[in-house]
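# Fold and geometry: a report
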Amino acid sequence: MHLLQISMTQKCEMKLLGATGSVFVTRAKFVLKLKSIEYEYIEEDLCNKSELLLTSNPVLQRVPVLFHANEPPIAESLAIIEYLDEIQPDVHPLLPSDPSERAQCRVLAYTFDTMMKEFMLTDDKERREHLKEVVIKGFMMLEQVFNKLSKGKAFFGGDDIGYLDIVVGCFLGWFKFYEIVFNFKVIEEARNPRLAQWGKRMWSHEVARSVIPSQEIHMNFLNMLRGLPK
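The structure contained in this document is the topic of the report that follows.

Once that is clear, we can look at the overall build of the protein chain. The helix and strand tally for the protein chain stands at 11 helices and 4 strands. In terms of overall dimensions, the protein chain is globule-like: its C-alpha atoms have a radius of gyration of 18 Å, near the 17 Å expected for 230 residues. Here the C-alpha coordinates of the protein chain stretch approximately 55 × 40 × 30 Å along the principal axes. The 230 residues of the protein chain split such that 48% are buried.

The strand order 2-1-3-4 describes an open sheet built from 4 strands, whose pairing is mixed. Each edge of the open sheet is held by one strand with a lone partner, namely strand 2 (40–43) and strand 4 (74–75). Relative to strand 3 (residues 65–68), strand 1 (residues 14–18) runs antiparallel, the two sharing 4 bridges. Across the sheet, residue L16 finds its bridge partner in strand 3, namely L66. Together, strand 1 and strand 2 form the strand contacts of helix 2 (residues 23–34), whose direction differs from that of strand 1 by roughly 155°.

Moving on: the pairing of strand 2. Where strand 1 lies against strand 2, 4 bridges are found, and the strand directions are parallel. Counted as the bridge partner of K15 is E40 from strand 2. Following the backbone out of strand 1, through helix 2 and into the adjacent parallel strand 2, one traces a crossover that is right-handed.

Let's shift gears to helix 5 (residues 99–121). Here helix 5 contains 23 residues, and its C-alpha end-to-end distance of 33 Å stays within 8% of the 33 Å for a straight helix at 1.5 Å per residue. Taken as a whole, helix 5 has its buried residues at C105, L108, A109, F112, D113, M115, M116, F119 and M120. Among the structural elements, helix 2, helix 4 (77–87), helix 6 (125–150), helix 7 (163–169), helix 8 (172–182) and helix 11 (215–227) are those in contact with the buried residues of helix 5. With a side-chain oxygen positioned 3.1 Å from the backbone nitrogen of S100, the residue opening helix 5 is D98.

As a further point, take the side chain of K15. Note on placement: K15 falls in strand 1. Separated by 2.3 Å, the side chains of K15 and E40 make a polar contact.

Turning our attention to the packing of helix 6 against helix 9 (residues 193–204). Packing of helix 6 against helix 9 brings their axes to within 8 Å, and their N-to-C directions diverge by 70°. The orientation of helix 6 with respect to helix 9, classified from their angle, is roughly perpendicular. On helix 9, the residues touching F139, L142, E143, F146, N147 and S150 of helix 6 are P193, R194, L195, W198 and R201. The residue makeup of the contact of helix 6 with helix 9, split by class, is 6 nonpolar, 2 polar and 3 charged.

What follows covers the pattern of salt bridges. Evaluated as defined, the whole model comprises 9 salt bridges. Salt-bridge contacts for D113 lead to R27; the nearest nitrogen and oxygen are separated by 2.5 Å. Taken together, the positions of D113 in helix 5 and R27 in helix 2 put the pair 86 residues apart, joining distant regions of the chain. Judged by relative accessible area, R27 falls into the buried class, the value being 0%.

It is worth spelling out a nonpolar patch on the surface at this point. Together, I180, V181 and M219 give the surface a local cluster of nonpolar side chains, amounting to about 260 Å² of exposed area. Examined against the element boundaries, I180 turns out to sit in helix 8.

Among all positions in helix 8, only L172, G173, W174, F175, F177 and Y178 are buried. Packing partners of the buried residues in helix 8 comprise helix 2, helix 5, helix 6, helix 7, helix 9 and helix 11. Among the residues trailing helix 8, N183 stands out with phi positive, at a value near 55°.

Calculation criteria
- Residues numbered from 1 in each chain as written.
- Predicted model: local features only at pLDDT ≥ 70, side-chain atom pairs only at ≥ 80, totals over all residues.
- Heavy atoms only, no water.
- Helix = DSSP H or I, 4+ residues; strand = E, 2+ residues; numbered from the N terminus.
- Rg over C-alpha atoms; globule rule 2.2 N^0.38 Å.
- Buried < 20%, exposed > 50% of the residue type's maximum accessible area, 1.4 Å probe, protein only.
- Pairing = 2+ DSSP bridges.
- Contact = heavy atoms within 4.5 Å.
- Axes fitted to C-alpha atoms, helices over the stretch in contact; angles between N-to-C directions.
- Right-handed = clockwise from strand over helix to strand, strands pointing away.
- Expected span 1.5 Å × (residues − 1).
- Polar contact = N/O pair within 3.5 Å; in protein donor to acceptor, adjacent residues only side chain to side chain.
- Parallel < 35°, antiparallel > 145°, perpendicular 65-115°, else oblique.
- Nonpolar A, V, L, I, M, F, W, Y, C, P; charged D, E, K, R; others polar.
- Salt bridge = Lys/Arg side-chain N within 4 Å of Asp/Glu carboxyl O.
- Patch = residues over 30% accessible without salt bridge, like charges linked within 9 Å, V, L, I, M, F, W, Y side chains within 5 Å.
- Areas by Shrake-Rupley, 256 points an atom, 1.4 Å probe, with all protein chains shown as cover.

In short, shape yes, function no, at least from these values alone.
Spelled out as structure tokens, the structure:
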């Protein structure tokens with residue numbers, strides 16, 4: 001691993017191993033750009049996993065993985081977001097300063113990911129219909145969370161994009177894809193009025209426009225994931 005770390009730092013001290021189309025990789029890209037952190041991006045072929053991925057994330061064998069200088073690799077998007085926030089605390093801080101609100105954000109992010117991963121990957125029609133109801137209820141709850149955390153402002157983070165804005169917002173491109181393919185609106189203005197307006201603000205943000213992939217890329221990535229061995 002030591003030789004791997006040396007080779008990883010020859011050109012740029014921050015490197016991101018990812019796969020285009022992954023919302024979890026998009027999260028890491030979003031934070032790196034939001035905090036103006038220079039990095040080198042390495043595209044991973046998940047159908048033919050590289051030695052770099054297998055050695056840096058041997059248990060889960062998935063992206064993203066962040067490499068920073070001679071530190072151990074960091075896997076999982078939520079951990080990467082928090083790490084980047086901690087090493088650049090004065091540049092666009094993401095988590096709330098209040099410990100209770102920080103804990104709430106972490107729990108909500110984990111819950112959101114658990115719900116959306118199953119929803120995204122199921123190819124069973126009956127299960128998908130059930131999960132639609134779960135997602136609808138989940139986003140009605142998220143509407144209430146937004147009202148509380150935003151304190152009447154534009155984003156979960158208040159006046160500007162914060163931790164939960166990135167966690168949820170990087171799924172917006174995928175939501176559009178699902179609306180087209182399955183005729184299901186994850187965020188519906190009638191039941192999620194504040195989130196619907198929030199989504200428009202997220203789409204208009206320059207970082208979101210630059211890092212969130214197209215619907216076609218999301219579709220290709222999802223089809224690839226479903227074709228991988230379970």
